[in-house]
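For reference, the chains in residue letters:
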Number of protein chains: 2
Amino acid sequence: MTIAYDGTNYVGWQMQPNGTAVEEVINKTLSELLGEEIIIAGASRTDSGVHALGNVAVFDTDTRIPADKISYALNRVLPRDIVISESHEVTGDFHPRHADCVKTYEYNILNSNHPNPMLWRYSHFVYLPLDTEAMKAGAEFLVGEHDFASFCSAHAQTKTTVRTVYSLEVEENTENIRGMHLADGQKLITIRISGNGFLYNMVRIIAGTLIRVGHHMYPPEHVKEILEACDRTVSGPKAPAQGLTLLGIRYYT
Amino acid sequence: MTIAYDGTNYVGWQMQPNGTAVEEVINKTLSELLGEEIIIAGASRTDSGVHALGNVAVFDTDTRIPADKISYALNRVLPRDIVISESHEVTGDFHPRHADCVKTYEYNILNSNHPNPMLWRYSHFVYLPLDTEAMKAGAEFLVGEHDFASFCSAHAQTKTTVRTVYSLEVEENTENIRGMHLADGQKLITIRISGNGFLYNMVRIIAGTLIRVGHHMYPPEHVKEILEACDRTVSGPKAPAQGLTLLGIRYYT
């Protein structure tokens, strides 16, 4: 299943003692729909407040409902902030977290004198003007295979902190693009990043670091030094969750 | 003041017995902030669920806070779904509902197999494919000065149902434009209309009529016949509130 959700009202993808998780809602709804206990396995454990347009999950079932119809049946009963955008059958050995893939995330920053009532759930509001060109220059140092230890939250457990970033774009929109609901004079800065995997909080720490570059607190070249230091204490702060959206995951299977 | 709001949780701009109104929240917050009783006069009485990026309101005050600082002070205490995007002083005789102006509205339709968890508050979800070219052709008949009685809810009280539509564009976006959060394969159709004033529910009835054109229930030329009939019973249904946003109001003063 390809899954889209607004993460605002959830504790994240994964079950937690302190609130409702996205996977929990889908497990419960699917189990009721199919009349058997379903436990989905997700690709990406997004944090509380983080959104997705294309997270991926699989499950085993004995149902006779055709796989491509499950999305429609499920969307009738799911809350409005979780949508299954597509469903199809996969082989039994496919696991969305272990298969090779390219993940793409987007981090949205509303850079404006005033916040925007339609974008507070989906962007990080930054008052002081950001220099997008400087952010672009800083972003370039992160493209390629690197040890991203400086961009990984300390309590993460992972075999290696080496990852490959295939692309990292910084874009600026000032026009009132349809459906985007930007007010006059507001600027939306989007950081879009694709890679073969991301460390815990990596995109949000990259966003927080590039915001410092945009505020001229760091020159763009300092991003290279941060990367080479392999030390979380030298990078910028973790930018808030609501700016982050998992756009999609492409598998090579 | 220029005012932006997410209308989802309000009964509309104007006070109603059955819930909280946008003007009510602003009146209360402004009165507390300035320490005097403030009653704002708004330009446009948007309905429940309708959004605004640029509604306009004025008020009288004895405060010493500079007019252009009031927006900042107010945004600190307003809920996140109401934002004052700008404030400045006007002459005492300016009334935003009576002054000549051009108003611009946008109606957003998500045309897709599946809904979108980030767009349900801000668009009308339409499952069956819409023919945008047919909608454009139908829209052309509405541009200019006409009697829009066919596009006005019955219980409206107004001296005349003649209005001038300066422009009416129908646009389609299928790309994942930054910040718009469209999923793969989803199409957002935007109806954007500017005029010297709008009758009660006029934009939503135009949207409902153009959706029928997009579904080939009406040929585009039928929009001309509907207009000429001056009869609400022959036009399409009123499209739902959440698709509508008041983009802005331009005054000639």
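Residues numbered from 1 in each chain as written. Chains lettered and ligands numbered in written order. Predicted model: local features only at pLDDT ≥ 70, side-chain atom pairs only at ≥ 80, totals over all residues.

Caption draft 1: Region of interest: the overall build of chain A. What chain A contains, in helices and strands, is 5 helices and 10 strands. Relative to a compact globule of 253 residues, whose C-alpha radius of gyration would be 18 Å, chain A shows 19 Å and is just as compact. In terms of its C-alpha atoms, chain A occupies a principal-axis envelope of roughly 60 × 45 × 35 Å. Taken over 253 residues, chain A has a buried fraction of 44%. Long-range pairs, those at least 24 residues apart, make up 70% of the contacts in chain A between residues at least 6 apart in sequence. (Helix = DSSP H or I, 4+ residues; strand = E, 2+ residues; numbered from the N terminus. Rg over C-alpha atoms; globule rule 2.2 N^0.38 Å. Buried ≥ 20, exposed ≤ 12 C-beta atoms within 10 Å, placed from the backbone. Contact = placed C-beta atoms within 7 Å.)

Caption draft 2: Seen up close, the relation of the copies chain A and chain B. Of the transformation superimposing chain A on chain B, the axial component is 0.0 Å and the angular component is 180°, with the fit at an RMSD of 0.0 Å. Taken together, the rotation angle and the small translation identify this as a two-fold axis. Most of the interface of chain A is mirrored in chain B, where 100% of its interface residues are also at the interface. (Least-squares fit on C-alpha atoms with pLDDT ≥ 70 in both.)

Caption draft 3: View of unusual backbone geometry. For Asn201(A), which is not a glycine, the phi torsion comes out positive at approximately 65°. Of the residues examined, Asn201(A) has 22 C-beta atoms within 10 Å and is grouped as buried. In this structure, Cys230(B) is a non-glycine residue whose phi angle is positive, near 45°. Along the chain, Cys230(B) turns up in the loop between helix H5 (222–229) and strand S10 (244–251). Looking at Cys230(B), the number of C-beta atoms within 10 Å reads 15, which means it is partly exposed.

Caption draft 4: Inspection of the domain arrangement of chain A at higher detail. All names here are of chain A. Under the domain assignment used here, chain A contains domain 1 (2–86) and domain 2 (101–251). Computed from C-alpha coordinates alone, the two centres of domain 1 and domain 2 are separated by 27 Å. With 15 residues of domain 1 at the contact, the number on the domain 2 side is 11 residues. Here the residues of the side of domain 1 that touches domain 2 are counted per class, giving 5 nonpolar, 8 polar and 2 charged. (Domains from an automatic or database assignment. Nonpolar A, V, L, I, M, F, W, Y, C, P; charged D, E, K, R; others polar.)

Caption draft 5: Molecular detail of the interface of chain A and chain B. With 34 residues of chain A in contact, the opposing surface of chain B contributes 35 residues. Secondary structure elements with two or more residues in the side of chain A that touches chain B: strand S1 (2–5), strand S3 (51–58), helix H2 (70–77), strand S4 (82–86), strand S8 (162–173), strand S9 (187–195) and strand S10 (244–251) of chain A.

Caption draft 6: Geometry of helix H5 (residues 222–229) of chain A. All names here are of chain A. Residues of H5 that are buried: Val-223, Ile-226 and Leu-227. For H5, the angular spread of the buried residues around the axis is 100°, confining them to a single face. Where H5 is buried, its residues contact helix H3 (132–139), strand S7 (144–147) and helix H4 (202–214). Directly beyond the C-terminal end of H5, a positive phi value near 50° is found at Cys-230. (Arc of directions from axis to C-beta.)

Caption draft 7: Broad picture of the environment of Gly195(A). Residues and elements named next belong to chain A. Checked against the element boundaries, Gly-195 lands in strand S9. We classify Gly-195 as buried; it has 24 C-beta atoms within 10 Å. Placed 42 residues apart in sequence, Gly-195 and Ser-153 show a C-alpha to C-alpha distance of 18 Å. Among residues more than four places away in sequence, those in contact with Gly-195 are Lys-103, Arg-163, Thr-164, Val-165 and Tyr-166.

Caption draft 8: View of the pairing of strand S4 (residues 82–86) of chain B. All names here are of chain B. The buried count for S4 comes to 4 of 5 residues, which makes it a mostly enclosed element. Strand direction decides the pairing type here: strand S1 (residues 2–5) and S4, joined by 4 bridges, are antiparallel. By the bridge assignment for S4, Ala-4 is matched with Val-83. (Pairing = 2+ DSSP bridges.)

Caption draft 9: Local environment of the pairing of S1(A). Residue and element names in this part refer to chain A. Side chains Thr-2 and Ala-4 of S1 all project onto a buried face; the interleaved residues Ile-3 and Tyr-5 project onto the opposite face, where all are buried too. In this sheet, S3 lies alongside S1 in antiparallel orientation, the contact comprising 3 bridges. Paired with Ile-3 across the two strands is Asn-55, which belongs to S3.

Caption draft 10: Inspection of the confidence of the model for chain A at higher detail. Overall, the predicted model of chain A reaches an average pLDDT of 94, with 96% of residues at or above 70. In the predicted complex, the global pTM is 0.92; the interface-specific ipTM is 0.89. (pLDDT = per-residue confidence, 0-100.)

Caption draft 11: Geometry of the environment of Ile205(A). Residue and element names in this part refer to chain A. By the element assignment, Ile-205 lies in helix H4. The spatial distance from the C-alpha of Ile-205 to the C-alpha of Val-77 is 36 Å, given a sequence separation of 128 residues. Beyond its immediate sequence surroundings of up to four residues, Ile-205 is in contact with Phe-151, Ser-235, Gly-236 and Lys-238.

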